[in-house]
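Below are the chains, spelled out letter by letter.
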Amino acid sequence: MAERMNNFLTEIIDADLAEGRVKEIHTRFPPEPNGYLHIGSAKAIWINWGIANQYGGKFNLRFDDTNPVREDEEYVNSIREDLEWLGAVPNGGIFYGSDYFDKCYEYAEKLILDGKAYVDDLTREEMQEYRGQDAGKPSRPSPYRDRTPEENLDLFRRMRAGEFADGEKTLRAKIDLASPNMNLRDPAIYRIKHVSHHRQGDKWCIYPLYDFAHPIQDALEGITHSMCSIEFENHRPLYEWVINNLDLGPYPIQREFARLNVTHTVMSKRYLRELVEQGIVDGWDDPRMPTLCGLRRRGYSPSSIFTFVQKAGVAKNYSLVDNRLLDWCVRTEMELSAPRRMAVTDPIKLTITNYPADKVEYFDIPNNPNREANDTSTRPVAFCGELWIERADFAQVPPPKFQRLKPGGEVRLMGAYIVRCDEVVCDEAGNVTELRCTADLETGNGNPVDGRKVKGTIHWVSRRHAVDARVRLYDNLFTLENMGDLPEGAGYQDYLNQDSVTELPNAKLEASLADAKPGERFQFVRMGYFTPDSRNEGVWNRIVTLKDSFSKTL
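Cut-off values and rules
Residues numbered from 1 in each chain as written. Predicted model: local features only at pLDDT ≥ 70, side-chain atom pairs only at ≥ 80, totals over all residues. Heavy atoms only, no water. 1 Å grid on protein atoms, 1.4 Å probe; cavity = no way out; pocket = protein on both sides within 12 Å on 5 of 7 lines; lining within 4 Å. Points joined across faces, edges and corners; volume = space filled by probe spheres on them. Helix = DSSP H or I, 4+ residues; strand = E, 2+ residues; numbered from the N terminus. Nonpolar A, V, L, I, M, F, W, Y, C, P; charged D, E, K, R; others polar. Core = buried A, V, L, I, M, F, W, Y, C linked by side-chain atoms within 4.5 Å. Buried < 20%, exposed > 50% of the residue type's maximum accessible area, 1.4 Å probe, protein only. Contact = heavy atoms within 4.5 Å. Salt bridge = Lys/Arg side-chain N within 4 Å of Asp/Glu carboxyl O. Polar contact = N/O pair within 3.5 Å; in protein donor to acceptor, adjacent residues only side chain to side chain. Phe/Tyr/Trp six-rings, centres within 6.5 Å; stacked < 30°, edge-to-face > 60°.

## Notes on the layout of surface pockets
A volume near 530 Å³ is recorded for the second largest pocket. For the lining of the second largest pocket, the elements supplying multiple residues, two or more each, are α10 (292-298), α12 (324-337) and β27 (539-544). Ranked by the residues each element gives to the lining of the second largest pocket, the list is headed by α12, at four residues. Here the residues of the lining of the second largest pocket are counted per class, giving 12 nonpolar, six polar and 10 charged.

The structure is reproduced here in structure tokens:
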């Protein structure tokens, strides 16, 4: 991490270290394997991994697989792949919440014997009714709240033995029915689910709830600072109750930060899953998705994502981050790192009538002319008398100040000759199909000998050497800026952008791009930044445009 992290979380850690409360920082990232990680997950990873890295501590990856209904190995594998891609190495180890089922059960029995947990026969709906919704009014006690520890222990062991149906009984912590924090009003900590677990098989038919299992898992792994998103702030008193009543403290401690909200997208796993299952997008890794695998397929780099998170900031207050900041981060990076290549996305033929038909020569074109890139290397690019140029680089009736090719006008072919358009060939519908030009053959990488000035320069691709490709241009998936603030009665599908992807099927690329691999990033000169698609051979995804106005707001 190039820049030292400095925020309210690091201030807490600095104080803990200075006062000797901890000697080594140990953090964790505990994703639930029920979906793919997204850009919001990257913030949690950056904070937890980054802080451990900054303080020379340890960072754990722990799969929160306590709910057997929603977990899947597909998601486990994708999460591991995403962390590896980001470079967030879990140097403290890789764990599973289910590794601690035996210890969670043991601690649950301890709470029962201490009179701090009881088996309840109320249904979920009855529990909600008894609890009520008024934080200022005490909840009604369950009629089973005063069972003896012996009776509760017997029932709990019979729950484990499989004697009861799903939902028939629940283990609840016995805390405070008058607490203004509803999470402390005898929360459920174990429920019955006769479902096979993806790792434990059929060993268990009762499973701990997250609020009970999480602090136990943190404590057993030696986590010092359990940093999570702000929606868990109201759960912190329960986290601390579990730590204190099981004598697991004084550490870990839980602290919360605001979630990463980004314009023109959704972060809800439920909504993202619907987009995939309903075929609205091309899988979890669709380049329009905010998932890390989608961003990877689109062409974003791990460093650009972490730079984006860093610039978005770490605080406790809600904020909505402009998604153009992410584009700015990757664009700024690629301005220096991405090799330049020539590609024509909407081609028309350009034939040089005075160039020998069988001749091929090679011009050395700079790989990155940006001075700050400090790259003086070049590549040979094949040139012949039959070329492709961009349709937008020609105008039969040019607008004022048009400096590209026009009838009777001259332009420089980038890195090669100056050509003059002598003849325009059109089809029966009046569409331009070919431009017949003559080249000033004395101007190969040089100026005209007569001193005339030619202002326009356009890029080109040799027709004889071109690589055929399909190019996809991406835009926002949703038209509404803040998808977390939908108007009443509206759904997210009401704001799907029907033009979120445009395919250009007849692109022509210079020959050096024939062997490009997914993940490699290039600037198509004058067009934008692109990468080969990881799913479809011959398809190129635009990562971002060359420029936008967002940098003026920074």
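What follows continues from the structure just given.
## A word on the nonpolar core
Soluble globular proteins tend to pack their nonpolar side chains together in the buried interior. Within the largest apolar cluster, 52 residues are counted, with the highest numbers of intra-cluster contacts made by I45, I51, L83 and F308. Of the residues forming this core, the biggest block, nine residues, is contributed by helix α2 (residues 39-54). For F308, the residues in contact, after removing those within four places along its chain, are I39, L260, V262, V321, D322, L325, L326 and C329. Among the nonpolar cores identified, the runner-up in size contains 36 residues, and F101, C104, F164 and A213 belong to it.

## Section: empty space enclosed by the protein
Under the defined criterion, the tally for this structure stands at two cavities of 30 Å³ or more. Here the largest cavity defines a volume of roughly 50 Å³. If you tally residues by element for the lining of the largest cavity, the top one is helix α7 (residues 210-220), at four residues. Classifying every residue of the lining of the largest cavity gives four nonpolar, three polar and one charged. For the second largest cavity, the calculated volume is near 30 Å³. Lining the second largest cavity, in full, are M127, Y130, R131, S139, R140, R172, L177 and R185. With three residues, the single largest contributor to the lining of the second largest cavity is helix α5 (residues 124-131).

## Things to note about helix α11 (residues 302-312)
By the burial criterion, the buried members of α11 are P302, S304, I305, F306, F308 and V309. Buried-residue contacts for α11 involve α2, α3 (73-86), β10 (261-262), α10, β11 (320-321) and α12.

## A word on the pattern of salt bridges
Summed over the entire model, instances satisfying the criterion amount to 48 salt bridges. Residue R288 is joined to D286 by a salt bridge in which the shortest nitrogen-to-oxygen separation is 2.8 Å. For R288, a relative accessible area of 16% corresponds to the buried category. Exposure remark for D286: the relative accessible area of 2% places this residue in the buried category. Note that E410 is salt-bridged to R452, the shortest N-O span being 2.9 Å. With a gap of 42 residues between them, E410 in strand β18 (residues 410-413) and R452 in the loop between β20 (432-440) and β21 (457-458) connect regions that are remote in the sequence.

## Concerning unusual backbone geometry
In the segment running from G249 into P250, the intervening peptide bond is cis, with an omega of 10°. Within the secondary structure, P250 is located in the loop between α8 (236-245) and β9 (253-257). For the bond from Y251 to P252, the omega torsion is 15°, close enough to zero to count as cis. Here P252 is to be found in the loop between α8 and β9. With phi around 65°, K401 is a residue other than glycine that occupies positive phi space. For K401, the location among the structural elements is in the loop between β17 (386-390) and β18. Although it is not a glycine, R526 adopts a positive phi angle of roughly 70°. Tracing the backbone shows R526 in the loop between β25 (522-524) and β26 (528-532).

## A few points about the side chain of E256
Among the secondary structure elements, E256 is positioned in strand β9. One polar contact links E256 to R236, side chain to side chain, over a distance of 2.7 Å. In terms of polar contacts, E256 uses its side chain to reach the side chain of Q254, at 3.1 Å. Setting aside anything within four residues of it in sequence, one finds E256 in contact with F8, C228, S229, I230, F232, E233, R236 and K316.

## Some thoughts on the packing of aromatic side chains
A complete count under the given rule lists 23 aromatic pairs for this structure. The interplanar angle of 45° and the centroid separation of 5.6 Å between the aromatic rings of Y210 and F232 together place this pair among those described as tilted. Residue Y210 is located in helix α7, and its partner F232 is located in the loop between β8 (225-229) and α8; the two are separated by 22 residues in the primary sequence. Look at F232 and you get partly exposed, because its relative accessible area is 22%. Where F383 meets W460, the ring centres are 5.1 Å apart and the plane angle is 85°; that geometry is what we call edge-to-face. Remark: W460 occurs in the loop between β21 and β22 (461-462) and F383 occurs in strand β16 (residues 378-383); sequence separation between them is 77 residues. Each of the two residues, F383 as well as W460, counts as buried. Through successive ring pairs, a cluster of aromatic residues spans F101, Y105, F156, Y190, W204, Y207 and F212.

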